[in-house]
Structures are given as C-alpha cells and as structure tokens.
Amino acid sequence: MANSLEEVRKFFEGDKYATEATGIVIEKAEKGHSVVSLEPDGRHLNAVGGLMGAVYYTMADFAFAVAENCILDSDTITVTQATQMNFLRSWHGGKVTCTADIVKDGRYICLYEVKAFDKNGTELALIIVNGFKTARK
C-alpha cells in the first residue's frame, strides 16, 4: 500500500541534513519517482555567489532516497552506492527542483536518473544514482 505524502514527509524528517540544515521539501513521492525542491538562500552559495555543488548532490541523493524508499513498510531499504554528477548550466537564482526517476530496478541494485531544474524549467544538472538494496533494520 502506498503511503500518503504526509506520511513520507514525516518519515524523511529524520534526514535532518536534507530537511533541516539544507531546507529541501518533498513535493511528490511515488515508488520510482519523486520531486523535491529548495528555495536557495545565502547559506547555499559558494564564494562567487553560485549554488554550491553540494546542494545539487544533497538534493539528488534525497530525491533518490524518497523515490526508492517511500514505501515505508517495505522489508528493504536502499542506500546510495555510487553517484555521477554532470553540471550542465549555472544557476541564476530562484527555486531549484529535482526529479528522480527509476531507470532499472533489480533484485539488489537499482539505477536512477535525477535531474535538477531552475525556476524556468531549464536543466541545471544530470545525476545518475546507483542504489544498493539491503534488509531494513
């Protein structure tokens, strides 16, 4: 049974770095697909005023985790095994949105494509995430 968006948000409040320190919000959570967003502020900027690369990474990792682990009563949990970041364009202000979509779902590993977009829908980054499935403790 699918969990409600509110239940998924409540569970992922436990990811303090993504939700509290960074301020990422879960917009959509379905098995194999999620959307997360962030309204960047001064704490997210690098020395030259651009969006810090770690922000993209955190958003991508979180979007992947939400899409893959949003069925809260599952016997497994999936963790990030490897990530490849491809920066395509510079961010020029405003809200950033990440979408995560499953490409391959295997018994022990999965592959996701995560894309980061600016407020105008321009793609800023393409991130490939490999996940490893393990028993939920």
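Refer to the structure above for everything that follows.
Here the structure is a predicted model, which is why all the values come from computation and not from measurement.

A. The arrangement of the nonpolar core in detail. Core analysis: the largest hydrophobic core is formed by 32 residues, its most contacted members being I26, V36, M59, F62 and V114. Breaking this core down by element, the ones donating at least two residues are helix 1 (5-12), strand 1 (25-30), strand 2 (33-38), helix 3 (53-69), strand 4 (96-105), strand 5 (109-117) and strand 6 (123-135). In terms of residue count, helix 3 provides more of this core than any other element does, 10 residues in total.

B. Structural context of the sheet that holds strand 5. Taken in spatial order, the 6 strands line up as 1-2-4-5-6-3 in an open sheet, and their pairing is antiparallel. The sheet terminates laterally at strand 1 and strand 3 (76-87), the two strands that pair on one side only. On average, adjacent strands in this sheet sit at an angle of 20° to one another, irrespective of strand direction. Sheet analysis places strand 2 next to strand 4, joined by 6 bridges and oriented antiparallel. Bridge pairing in strand 4 links H33 to D101. Set on the sheet, helix 3 makes contact with strand 1, strand 2, strand 3, strand 4, strand 5 and strand 6; between it and strand 3 the angle comes to about 145°.

C. Just a nonpolar patch on the surface, in detail. On the surface, V79, Y108, I109 and F132 cluster together into a nonpolar patch covering about 380 Å² of accessible area. Along the chain, I109 turns up in strand 5. You can call I109 partly exposed: its relative accessible area is 48%.

D. Layout of the environment of A67. Structurally, A67 can be placed in helix 3. Using a relative accessible area of 0% as the deciding quantity, one classes A67 as buried. The spatial distance from the C-alpha of A67 to the C-alpha of Y17 is 18 Å, given a sequence separation of 50 residues. In contact with A67, not counting residues within four places along its chain, are E30, K31, G32, H33, S34, A100 and Y112.

Rules used in this analysis
Residues numbered from 1 in each chain as written. Predicted model: local features only at pLDDT ≥ 70, side-chain atom pairs only at ≥ 80, totals over all residues. Heavy atoms only, no water. Core = buried A, V, L, I, M, F, W, Y, C linked by side-chain atoms within 4.5 Å. Buried < 20%, exposed > 50% of the residue type's maximum accessible area, 1.4 Å probe, protein only. Helix = DSSP H or I, 4+ residues; strand = E, 2+ residues; numbered from the N terminus. Pairing = 2+ DSSP bridges. Axes fitted to C-alpha atoms, helices over the stretch in contact; angles between N-to-C directions. Contact = heavy atoms within 4.5 Å. Patch = residues over 30% accessible without salt bridge, like charges linked within 9 Å, V, L, I, M, F, W, Y side chains within 5 Å. Areas by Shrake-Rupley, 256 points an atom, 1.4 Å probe, with all protein chains shown as cover. Salt bridge = Lys/Arg side-chain N within 4 Å of Asp/Glu carboxyl O.

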